[in-house]
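# Survey of secondary and tertiary structure
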Amino acid sequence: MTRARIATVNPRSFLSQTTVYGMEQGIFSRDKVDDVQEQIAAISHKLFVTRSRDLSSGEEARGSILSAFGTVSLGLEYASKGNIEESATILTHNDTILFFRIGNTLLKRLLRYAQKIREEAVLVSPTEMGGIVQLQERIEIYNVYERRFLDAIERGQLNIAAAPLTLESNSLPRPISSLRELSMGHKMLDQIQYRSDYLHTLPADRIFDAEFPPDARDDMAYLITRHLIVNIALYRQVDFHVTDEDLVNFFNICCDAADGKILKPHLDFVIGWIGHYLDLKQVESPVRRYAIEYWRECICTLEASSRELAHGDSENS
């Protein structure tokens with residue numbers, strides 16, 4: 001493989017940068033670069049045969065090449081600790097398959113974490129409520145965009161550009177090929193895990209006893225938190241029953257009519273409440289910090305929805 005050819009797969013990748021540096025510094029011979037190319041081609045062919053549903057698909061063949069290249073690049077960056085000079089040296093003295101195996105191990109760890117989240121970030125209803133045996137219900141703690149994110153991770157891909165408290169969009173999926181992308185994937189999984197840990201402290205029987213409206217993002221974690229915030233702000237009680245009238249009352253009582261923002265005394269009260277509640281539950285500090293920031297984010301969304309209802313109510317009266 002020539003320097004130009006290897007760089008065209010992903011010019012910004014660590015492997016491409018290493019190859020360019022190695023050739024410019026005279027560390028690599030052309031034979032060595034060709035050998036890297038041949039080994040990546042062999043790896044991608046094996047991935048294509050074992051993973052593809054359609055062996056005639058050019059798109060899947062291209063995907064296998066990108067996956068093999070990205071995984072080698074990830075493993076090389078990890079092995080060299082991101083040092084380009086060290087990277088060129090160790091690539092010279094080792095087979096490319098070694099770095100694929102390192103990268104693949106890192107991706108498998110991320111995959112196992114994603115699978116754990118998918119299985120455990122779920123609220124399960126009690127088997128008995130009010131003395132009556134119930135069929136168990138399940139509430140996923142991740143929204144529709146986070147579900148797509150988990151799907152992408154399980155394919156060794158990333159479809160996010162950042163790791164916010166909650167996902168509200170997805171970008172085009174791409175193979176995970178750098179430590180920065182790997183770290184971003186882990187951080188997003190951490191965010192979902194923290195949200196799950198926080199929600200699991202809430203009384204499941206009361207959650208499953210309440211009714212929640214349809215949500216475009218299929219974001220039950222937000223709806224549960226929104227209903228709790230309204231009940232804490234208006235009635236000083238842990239409950240999840242909320243009507244449109246309650247949302248209008250929240251706006252009229254707790255928010256500034258001019259800008260729609262929750263008034264500071266009410267904001268301080270609800271944020272103080274969740275902090276105290278989590279302290280009583282002896283929740284670990286990363287989860288506590290996340291939950292408080294998550295409540296602030298949910299309050300911003302709640303302000304907008306309650307303002308819209310309140311204004312609609314006044315126009316119809």
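Residues numbered from 1 in each chain as written. Predicted model: local features only at pLDDT ≥ 70, side-chain atom pairs only at ≥ 80, totals over all residues. Heavy atoms only, no water.

## Side note on the overall build of the protein chain
Helix and strand content of the protein chain: 13 helices and six strands. At 25 Å, the protein chain has a C-alpha radius of gyration far larger than the 20 Å of a compact globule built from 317 residues. In terms of overall dimensions, the protein chain has C-alpha extents of about 80 × 50 × 40 Å along its principal axes. In the protein chain, of all internal contacts separated by at least 6 residues, the share reaching a separation of at least 24 is 62%. Within the protein chain, the 45 negative side-chain charges are centred at a point lying 7 Å from the centre of the 35 positive side-chain charges. (Helix = DSSP H or I, 4+ residues; strand = E, 2+ residues; numbered from the N terminus. Rg over C-alpha atoms; globule rule 2.2 N^0.38 Å. Contact = heavy atoms within 4.5 Å. Lys, Arg positive; Asp, Glu negative; His and termini not counted. Charge placed at Lys NZ, Arg CZ, Asp CG, Glu CD.)

## Some details on the packing of aromatic side chains
Counted by the stated rule, this structure contains five aromatic pairs. For the ring pair Tyr-194 and Tyr-290, a centre distance of 6.1 Å and an interplane angle of 50 degrees mean the geometry is tilted. Within this pair, whereas Tyr-194 is found in helix H8 (residues 179–199), its partner Tyr-290 is found in helix H13 (residues 285–316), the two being separated by 96 residues in sequence. Their ring planes at 15 degrees and their centres at 5.8 Å tell us that Tyr-290 and Tyr-294 sit as a pair that is stacked. Highlighted residues: Tyr-290 and Tyr-294, both in helix H13, separated by four residues, approximately one helical turn. For the pair shown, Tyr-290 and Tyr-294 are each scored as buried. Over the ring of Tyr-222 we find Arg-217, and its NZ or CZ is 5.9 Å from the ring centre. (Phe/Tyr/Trp six-rings, centres within 6.5 Å; stacked < 30°, edge-to-face > 60°. Buried < 20%, exposed > 50% of the residue type's maximum accessible area, 1.4 Å probe, protein only. Lys NZ or Arg CZ within 6 Å of the ring centre and 35° of its normal.)

## Quick notes on unusual backbone geometry
For Lys-81, which is not glycine, the phi torsion reads 55 degrees and is therefore positive. Examined against the element boundaries, Lys-81 turns out to sit in the loop between helix H4 (58–79) and helix H5 (84–93). Here the phi dihedral of Asp-218 falls at roughly 55 degrees; this positive angle occurs in a residue that is not glycine.

## A short note on the pattern of salt bridges
Taken as a whole and judged by the stated rule, the model has 13 salt bridges. Linking Arg-118 and Glu-154 is a salt bridge whose minimum nitrogen-to-oxygen distance equals 3.0 Å. Here Arg-118, found in helix H6 (residues 96–120), pairs with Glu-154, found in the loop between helix H7 (144–153) and strand E5 (157–158); they are 36 residues apart in sequence, far enough to count as distant. Take Arg-118: its relative accessible area is 23%, and that puts it in the partly exposed class. A relative accessible area of 33% means that Glu-154 is categorised as partly exposed. A salt bridge links Arg-217 to Asp-219, with the nearest nitrogen and oxygen atoms 3.1 Å apart. Sharing partners across several salt bridges, the network here consists of Arg-118, Asp-151 and Glu-154. (Salt bridge = Lys/Arg side-chain N within 4 Å of Asp/Glu carboxyl O.)

## Digging into the side chain of Gln-39
Locating Gln-39 in the fold gives a position in helix H3 (residues 30–51). Judged by its relative accessible area of 16%, Gln-39 falls in the buried class. Reaching out from Gln-39, the side chain makes a polar contact with the side chain of Asp-35 at a distance of 2.8 Å. If sequence neighbours within four positions are ignored, Gln-39 has contacts with Asp-95, Thr-96 and Ile-97. (Polar contact = N/O pair within 3.5 Å; in protein donor to acceptor, adjacent residues only side chain to side chain.)

## A short note on the environment of Leu-228
Checked against the element boundaries, Leu-228 lands in helix H10 (residues 220–235). Distance from Leu-228 to Pro-11, taken between C-alpha atoms, is 49 Å for residues 217 residues apart in sequence. Aside from chain neighbours lying at most four places away, what touches Leu-228 is Leu-202, Val-238, Asp-239, Phe-240, Trp-273 and Trp-295.

## Details of the nonpolar core
One finds Phe-149, Tyr-198, Leu-202, Ile-224, Phe-250 and Trp-295 to be the most contacted residues of the largest nonpolar core, which totals 71 residues. Among the elements that make up this core, the one with the highest residue count is H10 (11 residues). With near-sequence residues (within four places) excluded, Trp-295 lies in contact with Tyr-198, Thr-225, Leu-228, Ile-229, Val-270, Ile-271, Trp-273 and Ile-274. Residues Leu-15, Ile-40, Val-72 and Ala-88 belong to the second largest nonpolar core, which totals 17 residues. (Core = buried A, V, L, I, M, F, W, Y, C linked by side-chain atoms within 4.5 Å.)

## Details of H10
Here H10 contains 16 residues, and its C-alpha end-to-end distance of 22 Å stays within 8% of the 22 Å for a straight helix at 1.5 Å per residue. Summarising burial for H10: 15 of the 16 residues are buried, a large majority. Just past H10, the residue Arg-236 takes up positive phi, approximately 55 degrees. (Expected span 1.5 Å × (residues − 1).)

Honestly, it's all geometry; don't read function into it.
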